[in-house]
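Overview (structure and organization)
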Amino acid sequence: MSLRTIETLGDLADKVILLRCDLNVPLDGGRITDDGRVRASVPTIRRLREAGASVVVMSHLGRPDGAPDPTFSLAPVAVRLEELLGEPVAFAPQRVGDGVTLLENLRFDPREASKDARERESYAAELAALGDVFVSDGFGVVHRKQASVYELAKAVPSAAGLLIATELDVLDRLTARPAKPYAVVLGGSKVSDKLGVIDALLPKVDRLLIGGGMLFTFLAAQGHKIGKSLLEDSQFETVKRYVAEAAERGVELVLPTDIVMASGFSADAEHVVARAEALEETPFGADGIGLDIGPETAAAFAAHIRSSHTVLWIGPMGVFEFPAFAEGTRAVAQALSEVDGLGVVGGGDSAAAVRALGFADEQFGHISTGGGASLEFLEGKTLPGLEVLGWQQT
Ligand code: ADP
Ligand code: MG
């Protein structure tokens, strides 16, 4: 069986659609700092409205403690969704009129993410009573067995929305028959977050580029001193195994040759460029901390990316939140936008980074909305929220 699409739900005119989106956006106070997930939800809502349906949109936001908490209210999202849709969005506990309604944060109810299947079923039954059919489109949550993702899809006729279909199509192109050369660029904070992806992708890629905080564990495993840079010494053996496996498989493992070393972890820290094998030979000595890849590395990474036909990038190259340490991330994003083929931004922080650096979504082949879900897919895991929609990993 393959993924059930919206078409399988039949005539939707005058039906009430329950639509699970992933509107879990980053908030700064009440301000949305990256509305990518709201924008990604719009095409499916439009499609359902054009089919004559009214739509009850559901999502979670953050990790409230299973009880109402104004910090995690979806109210700011209702405002943004209304602007993007160009039609009114009611923000209410149940359907209002025949238009679009957004429910409050589903995780305000402890049953949504309960470990107890019966509790989730009871919540799903309540949600099911609010509409006729269910469309699941929150790609970022399909790896979770939660009431509005899994049990609800069993309670009423259900199908996948357009965003899930698009995300799966891209993931399929990254795993099934990627156009070669295929490069994967990894960064972000920890090696341990990305072990599964490295394991799964090493047999498929031609080039593996390592930046971000994880690069220091690679350098340290090769015997280099790294000052106070991020280190996971528990991963030494694993990292050494990756280096050996890459060599065995003929995968080009590209490690940084220069690093931006800083006097401390702050936006206004003093900083200098150091050779990868001499990171403690700066004015900061052993107190230095690596916060970005250096310009030589950035240029080399960019060249590897531009000369590949499939590129997957997960994890910022440096602490891009501080402008002085965003240049490596900018160079990778720029090169990715120039790929002759498929260039994909995966990872939530990477997506936020490209937008913060002023890139437009359209410059990339795809920007994934589902960090954790994408990783689990790439690792070959079974995702309950997809399985329940008929999907089977091939
Ligand atoms: P993604 O969500 O894209 O997969 P991660 O969550 O793994 O990315 O990591 C993102 C974080 O990694 C960012 O907040 C960034 O500041 C941090 N980071 C990148 N490089 C470094 C570094 N050299 N030292 C410390 N943190 C880093
Ligand atoms: Mg992240």
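Our structure's up above, just so we're on the same page.
Attention here is on the structure that accompanies the text. (Residues numbered from 1 in each chain as written. Chains lettered and ligands numbered in written order. Predicted model: local features only at pLDDT ≥ 70, side-chain atom pairs only at ≥ 80, totals over all residues. Heavy atoms only, no water.)

1. Observations concerning the nonpolar core
The biggest cluster of nonpolar side chains holds 95 residues, and the ones touching the most others in it are Leu152, Ile164, Ile305, Leu312 and Trp313. Tallying contributions element by element places helix α7 (residues 215–221) first for this core, with 6 residues. Excluding anything up to four places from it in sequence, Ile305 contacts Val185, Leu209, Val311, Val332, Ala335, Leu336 and Val339. Core analysis: the next-biggest nonpolar cluster, separate from the first, contains 29 residues, Val38, Ala53, Leu102 and Val133 among them. (Core = buried A, V, L, I, M, F, W, Y, C linked by side-chain atoms within 4.5 Å. Buried < 20%, exposed > 50% of the residue type's maximum accessible area, 1.4 Å probe, protein only. Helix = DSSP H or I, 4+ residues; strand = E, 2+ residues; numbered from the N terminus. Contact = heavy atoms within 4.5 Å.)

2. Focus on the pairing of strand β10 (residues 207–210)
The alternating pattern of β10 places Arg207 and Leu209 on one face and Leu208 and Ile210 on the opposite face, and all of these are buried. Pairing of strand β9 (residues 182–186) with β10 involves 4 bridges; the strand directions are parallel. Residue Ala183 lies in a different strand from β10, and its bridge partner there is Arg207. In terms of handedness, the path from β9 via helix α6 (residues 191–201) over to β10 forms a crossover that is right-handed. (Pairing = 2+ DSSP bridges. Right-handed = clockwise from strand over helix to strand, strands pointing away.)

3. A look at the sheet that holds strand β15 (residues 310–314)
The strand order across the open sheet formed by 6 strands is β11-β10-β9-β15-β16-β17, and the pairing between neighbours is parallel. Strands at the two margins of the open sheet, each flanked by one partner only, are β11 (252–254) and β17 (366–367). Running at roughly 150° to β10, helix α9 (residues 295–306) makes contact with β9, β10, β11 and β15 of the sheet. (Axes fitted to C-alpha atoms, helices over the stretch in contact; angles between N-to-C directions.)

4. Concerning the sheet that holds strand β7 (residues 133–136)
The strand order across the open sheet formed by 6 strands is β5-β6-β4-β1-β7-β8, and the pairing between neighbours is parallel. Each end of this open sheet is capped by a strand with a single partner; those strands are β5 (89–91) and β8 (158–160). The sheet shows a mean angle of 25° between the axes of neighbouring strands, taken without regard to direction. Sheet analysis places strand β4 (residues 54–58) next to strand β6 (residues 100–102), joined by 3 bridges and oriented parallel. Looking across to β6, one finds that Val55 is bridged to Val100. Packed on one face of the sheet, helix α4 (residues 147–155) meets β1 (16–20), β4, β7 and β8 and runs near 140° to β7.

5. Points about the packing of helix α5 (residues 162–175) against helix α12 (residues 371–378)
Describing two packed helices takes the angle between their axes plus the distance from one axis to the other. Packing of α5 against α12 leaves a shortest axis separation of 11 Å and a crossing angle of 40°. One finds that α5 runs oblique with respect to α12. In this structure, α5 crosses over α12, and the sense of that crossing is right-handed. Side by side, α5 and α12 meet where Leu168, Leu171 and Thr175 of the first sit next to Ser374, Phe377 and Leu378 of the second. (Parallel < 35°, antiparallel > 145°, perpendicular 65-115°, else oblique. Left-handed = near helix turned anticlockwise from the far one by under 90°.)

6. Examining the site of ligand 1
Surrounding ligand 1, one finds 19 residues, the nearest of these being Lys194, Gly290, Glu321, Asp349 and Ser350. A distance of 3.2 Å separates an oxygen atom of ligand 1 from a polar backbone atom of Ser189. Burial of ligand 1 by the protein chains amounts to 85% of its free accessible area of 580 Å². When residues of the shell around ligand 1 are traced back to their parent elements, those giving at least two are β14 (289–293) and α11 (348–356). Per-element accounting of the shell around ligand 1 gives the leading share, 3 residues, to α11. A per-class count over the shell around ligand 1 returns 6 nonpolar, 10 polar and 3 charged. (Near = heavy atom within 4 Å. Polar contact = N/O pair within 3.5 Å; in protein donor to acceptor, adjacent residues only side chain to side chain. Areas by Shrake-Rupley, 256 points an atom, 1.4 Å probe, with all protein chains shown as cover. Nonpolar A, V, L, I, M, F, W, Y, C, P; charged D, E, K, R; others polar.)

7. Thoughts on the pattern of salt bridges
Going through the model one piece at a time under the given rule, you end up with 28 salt bridges. With a shortest N-O distance of 2.8 Å, Asp35 and Arg39 are connected by a salt bridge. On the basis of relative accessibility, which here comes to 14%, the residue Asp35 falls in the buried class. You can call Arg39 partly exposed: its relative accessible area is 31%. One network of salt bridges, with partners in common, ties together Asp34, Asp35, Arg39, Arg80, Glu83, Arg355 and Asp361. (Salt bridge = Lys/Arg side-chain N within 4 Å of Asp/Glu carboxyl O.)

8. Quick look at α12
Across the 8 residues that make up α12, a large majority, 6, are buried. Looking at α12, one finds that the buried residues are Gly371, Ala373, Ser374, Leu375, Phe377 and Leu378. Next to the buried residues of α12 lie α1 (36–50), α5, α6, β15, α11 and α13 (384–387). Gly380 lies just past α12 and shows a positive phi near 85°.

9. So, the layout of surface pockets
If you add up the space inside the second largest pocket, you get close to 330 Å³. Around the second largest pocket, the lining is made up of 16 residues, and of these Ala40, Leu163, Asp361, His366 and Ile367 lie nearest the centre. Residue composition of the lining of the second largest pocket, by class: 6 nonpolar, 6 polar and 4 charged. (1 Å grid on protein atoms, 1.4 Å probe; cavity = no way out; pocket = protein on both sides within 12 Å on 5 of 7 lines; lining within 4 Å. Points joined across faces, edges and corners; volume = space filled by probe spheres on them.)

10. Remarks on the packing of helix α3 (residues 117–128) against α4
The geometry of α3 relative to α4 is characterised by a closest axis approach of 8 Å and an angle of 70° between their N-to-C directions. One element, α3, and the other, α4, form an angle in the roughly perpendicular class. For the pair α3 and α4, the crossing hand works out as right-handed. Across the interface between the two elements, Ala117, Arg120, Glu121, Tyr123, Ala124, Leu127 and Ala128 from α3 touch Ala147, Ser148, Glu151, Leu152 and Ala155 from α4. Taken together, the residues of the contact of α3 with α4 sort by class into 8 nonpolar, 1 polar and 3 charged.

On their own, these measurements won't tell you what the molecule is for.
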